[in-house]
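If you want the building blocks of each chain, they are given just below.
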Amino acid sequence: MMNFIFRVILLLLGLVFAASLAVAVALLAAVWGVRYAWGRITGKPVTPWMASMGGRFDPRSGFERFRNAAKPAEPNAADVANARARGESVRSPLSLRPAGDVTDVRARPARGE
């Protein structure tokens, strides 16, 4: 008897799930129909929802976003003015000295010699 009750409960749950899916599909169809009818009434073209939500998927967009993020940002006018006032390079906030001016490095013999 318990097995029969369990099967009836599962059947009822399946019917509820199927009915909820049918209601969701009917609501979606109704929204699409109203949208289409409104487009016909106003004379405007009806675009698909995916086109109005950002268009097609472009796999290059992800690569371009990260490639552009890797490029150094161009200095703005305030950066240029500040760098010139400090006497530094406009491209880099660090002023690099020639390699001959390095004084804090001592040459050491290589290991194994």
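Predicted model only: the values in this text are computed from it and were never measured.

Q: What am I meant to see in the overall build of the chain here?
A: When helices and strands are counted, the chain shows four helices and zero strands. Listing every helix and strand of the chain by position from the N terminus yields α-α-α-α. Every one of the 113 residues in the chain was classed for burial, and the buried ones make up 3%. Working note: accessible area of the chain is about 11000 Å², and carbon and sulfur atoms make up 66% of it.

Q: Looking at this structure, I do not really get a nonpolar patch on the surface. What am I missing?
A: The grouping of M1, M2, F4, I5, F6, V8, I9, L10, L11, L12, L13 and L15 at the surface amounts to a nonpolar patch, some 1300 Å² of accessible area in total. Under the relative-accessibility criterion, M2 is labelled exposed at 67%.

Q: Which parts of the structure should I look at to understand helix α1 (residues 2-42)?
A: For an α-helix, the turn length of 3.6 residues means that residues three or four places apart are oriented alike. Spanning 41 residues, α1 covers 60 Å between terminal C-alpha atoms, matching the ideal 60 Å at 1.5 Å per step. Looking one or two places after α1, you find G43, whose phi comes out positive at around 80°.

Q: Would you mind going over the confidence of the model for the chain with me for this structure?
A: Residues with a pLDDT of 70 or more make up 74% of the chain, whose mean pLDDT is 80. For the chain, per-element mean pLDDT is lowest for helix α2 (residues 49-52), which scores 62, and highest for α1, which scores 95.

Definitions and cut-offs
- Residues numbered from 1 in each chain as written.
- Predicted model: local features only at pLDDT ≥ 70, side-chain atom pairs only at ≥ 80, totals over all residues.
- Heavy atoms only, no water.
- Helix = DSSP H or I, 4+ residues; strand = E, 2+ residues; numbered from the N terminus.
- Buried < 20%, exposed > 50% of the residue type's maximum accessible area, 1.4 Å probe, protein only.
- Areas by Shrake-Rupley, 256 points an atom, 1.4 Å probe, with all protein chains shown as cover.
- Patch = residues over 30% accessible without salt bridge, like charges linked within 9 Å, V, L, I, M, F, W, Y side chains within 5 Å.
- Salt bridge = Lys/Arg side-chain N within 4 Å of Asp/Glu carboxyl O.
- Expected span 1.5 Å × (residues − 1).
- pLDDT = per-residue confidence, 0-100.

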